[in-house]
Amino acid sequence: MRLSRRSLIASALTTAMAAAMAARAGAASAPLSVVATTGMIADAARRVAGGEAEVRALMGPGVDPHAYRQTRTDIAAMVRADLVLWHGLYLEAQMEAFLADLSRRTRVEPVAEAVPEELLRAHDTYAGRFDPHVWMDPDLWAHVVLRVRDVLAELRPEAARTFAANAEAHLADLARLSAYARETLASVPETARVLVTAHDAFGYFGRAYGFEVMGIQGISTESEAGLNRIGELVELLVSRRIAAVFVESSVSDRNVRALIEGAAARGHEVRIGGELFSDAMGPPGTYEGTYVGMIDHNVTVIARALGGRAPARGMDGLLEAAA
Ligand SMILES: [Zn+2]
């Protein structure tokens, strides 16, 4: 006889809960323990919480959130946490069942659901669902930062003013980032504003900055790209004379290379314009390992590869030299 996934999760939860409750007692003014699923959410929590929280991200650089499933270590961390921040909008498709269970015991918040529905893009394959990649537009991400602020203030009202001031400072950075992106991407010649990537993570980016966006795979990386899709995109690259396509740090570059080979066979040379951070940030401790650095990198690399003007080291000269 075999135990169901749900009962395995439940028993892991019970064991970890007992340890967590023992640990939590008597720690009134210790930093809040916050677990975030993605690096982007962890970054928002760190910026807003400052020293009031210890924040841990489950998914590191190069990790694909569409496919990620919680490990035993993750389960232990989430059960022990005061707050679990996840994205929602079906980004963490493999974690939904676990998070639903956990929400009966721990404060669990799907922060991307703070973005007003009228600002969300429809999902390409599921009716009634939305494109989860809202971090691609800093103006949308601001809604997430505000939700993080509100949830932290609810859990620790005595620090509400700190959270508010930190959030305001971070929102000012996001506004500057947004202005940099707008100005930089407007320097790309209009006919070159086509972004071809491994999967459809850049829909909000395209909408915000006037780019046509084409992913080889759809909004989730769960469905494989068909040969038809590769053929279609090769045709597009050749007929529109598109000079560069982009690989993503969290998705295999196999399909992107197939595009380049397909175009080459038709006598059109396409370059890899650079590696973009689509669904995960860069390494912790680097500028690219922050939300602002991630977006600065993407904007700068895209603009430079497609004929626009951008400083090689980005908005504040902090990027590793962009391609
Ligand atoms: Zn994605």
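Residues numbered from 1 in each chain as written. Predicted model: local features only at pLDDT ≥ 70, side-chain atom pairs only at ≥ 80, totals over all residues.

A.B. asks: Is there a simple way to think about the overall build of the chain in this case?
C.D. replies: Scanning the chain for helices and strands turns up ten helices and eight strands. A compact globule built from 323 residues should have a C-alpha radius of gyration of about 20 Å, and the chain, at 21 Å, falls within 12% of that. The principal-axis extents of the C-alpha atoms in the chain amount to approximately 70 × 55 × 35 Å. A buried classification covers 45% of the 323 residues belonging to the chain. Long-range contacts, defined here as pairs at least 24 residues apart, represent 65% of the contacts in the chain between residues at least 6 apart. (Helix = DSSP H or I, 4+ residues; strand = E, 2+ residues; numbered from the N terminus. Rg over C-alpha atoms; globule rule 2.2 N^0.38 Å. Buried ≥ 20, exposed ≤ 12 C-beta atoms within 10 Å, placed from the backbone. Contact = placed C-beta atoms within 7 Å.)

A.B. asks: Please clarify how helix 6 (residues 160-185) should be interpreted in this entry.
C.D. replies: The α-helix advances 3.6 residues per turn, and as a result positions three or four apart in sequence lie on the same side. Taking 1.5 Å per residue as the helical rise, helix 6 with its 26 residues ought to reach 38 Å, and the 37 Å between its terminal C-alpha atoms agrees with that figure. Turning to helix 6, its buried residues number three or more, namely Phe163, Asn166, Ala167, His170, Leu174, Leu177, Ser178, Tyr180, Ala181, Thr184 and Leu185. Buried residues in helix 6 make contact with helix 2 (39-49), helix 5 (138-155), helix 7 (203-209) and helix 10 (291-305). (Expected span 1.5 Å × (residues − 1).)

A.B. asks: Hey, could you run me through the sheet that holds strand 2 (residues 53-57) in this one?
C.D. replies: By definition, the strands of a sheet pair up through backbone hydrogen bonds, in either a parallel or an antiparallel sense. Ordered by their spatial adjacency, four strands build an open sheet running 2-1-3-4, and the pairing between neighbours is parallel. Since the sheet does not close on itself, it has two edges, and those belong to strand 2 and strand 4 (107-110), each with one partner. Averaged over all neighbouring strand pairs, the angle between strand axes comes to 20°, with direction disregarded. Pairing geometry for strand 1 (residues 32-36) and strand 3 (residues 83-86), over three bridges, is parallel. In the sheet register, Val35 faces strand 3, and the bridge partner there is Val84. (Pairing = 2+ DSSP bridges. Axes fitted to C-alpha atoms, helices over the stretch in contact; angles between N-to-C directions.)

A.B. asks: Can you walk me through the domain arrangement of the chain in this structure?
C.D. replies: Where interface size is quoted, it is often the accessible area lost as the parts come together. Here the chain is described as being made up of domain 1 (5-181) and domain 2 (182-305). A C-alpha centroid distance of 27 Å is found between domain 1 and domain 2. Tallying the contact residues gives 31 residues for domain 1 and 33 residues for domain 2. Those elements that provide at least two residues to the side of domain 1 that touches domain 2 are helix 2, helix 5 and helix 6. Per element, the largest residue contribution to the side of domain 1 that touches domain 2 is six residues, and it comes from helix 6. Among the residues forming the side of domain 1 that touches domain 2, the class breakdown is 16 nonpolar, seven polar and eight charged. (Domains from an automatic or database assignment. Nonpolar A, V, L, I, M, F, W, Y, C, P; charged D, E, K, R; others polar.)

A.B. asks: Would you explain the nonpolar core in this entry?
C.D. replies: Inside soluble globular proteins, nonpolar side chains tend to come together where they are buried. Val34, Ala45, Leu85 and Val148 are the most contacted members of the largest nonpolar core, which totals 85 residues. For this core, the element with the most residues is helix 10, which contributes nine residues. Of the domains in this structure, domain 1 (5-181) and domain 2 (182-305) are the two that each give at least three residues to this core. Ala45 has contacts with Val34, Ala36, Ala53, Val55, Leu85 and Val148, leaving out every residue within four places of it along the chain. (Core = buried A, V, L, I, M, F, W, Y, C linked by C-beta atoms within 7 Å.)

A.B. asks: Mind showing me how you'd approach the environment of Val134 here?
C.D. replies: Position of Val134 among the secondary structure elements: in the loop between strand 4 and helix 5. In the structure, Val134 is positioned 65 residues away from Arg69 in sequence and 21 Å away in space, judged by C-alpha atoms. If sequence neighbours within four positions are ignored, Val134 has contacts with Ala112, Val115, Leu140, Trp141, Val144 and Tyr204.

A.B. asks: What should I look at first to understand the pairing of strand 7 (residues 244-248) in this one?
C.D. replies: Successive residues of a regular strand alternate their side chains across the two faces of the sheet. Strand 7 sits mainly inside the fold: four of its five residues count as buried. Of the pairings in the sheet, the one linking strand 7 to strand 8 (residues 271-276) comprises five bridges and is parallel in character. Following the sheet pairing, Phe246 is matched in strand 8 by Gly274. At this point the chain moves from strand 7, through helix 9 (residues 254-265), to the parallel strand 8, and the crossover so formed is right-handed. (Right-handed = clockwise from strand over helix to strand, strands pointing away.)

A.B. asks: Please explain the pairing of strand 2 as it appears in this structure.
C.D. replies: Of the two faces of strand 2, the one holding Ala53, Val55 and Ala57 is buried and the one holding Glu54 and Arg56 is not buried anywhere. Once the chain exits strand 1 it traverses helix 2 before rejoining the sheet at strand 2, and the crossover so formed is right-handed.

A.B. asks: In this structure, what is going on with the packing of helix 2 against helix 5? I would like to understand it.
C.D. replies: At a minimum axis distance of 9 Å, the contact between helix 2 and helix 5 shows a crossing angle of 55°. The angle between the axes of helix 2 and helix 5 places the two elements in the oblique class. Both helix 2 and helix 5 take part in a crossing whose hand is right-handed. In contact with Ala44, Ala45, Val48 and Ala49 of helix 2, helix 5 contributes Val144, Val145, Val148, Arg149 and Leu152. (Parallel < 35°, antiparallel > 145°, perpendicular 65-115°, else oblique. Left-handed = near helix turned anticlockwise from the far one by under 90°.)

A.B. asks: Would you mind showing me how to read the environment of Arg161 here?
C.D. replies: Along the polypeptide, Arg161 turns up in helix 6. Overall, Arg161 belongs to the exposed group, with 10 C-beta atoms counted inside 10 Å. Remark: the alpha-carbon pair of Arg161 and Asp64, spanning 97 residues in sequence, is separated by 35 Å.

A.B. asks: Looking at this model, I keep getting lost on the packing of helix 8 (residues 227-239) against helix 9. Mind explaining?
C.D. replies: Pairs of packed helices are described in terms of their axes, by the angle between the two and the distance that separates them. At a closest axis distance of 9 Å, the pairing of helix 8 and helix 9 adopts a crossing angle of 50°. With respect to their mutual orientation, helix 8 and helix 9 come out oblique. Classified by chirality, the crossing of helix 9 by helix 8 is right-handed. Note on element contacts: helix 9 touches helix 8 through Asn255, Ala258, Leu259, Gly262 and Ala263, opposite Ile230, Leu233, Val234, Leu237 and Val238. When its residues are assigned to classes, the contact of helix 8 with helix 9 shows eight nonpolar, two polar and no charged.

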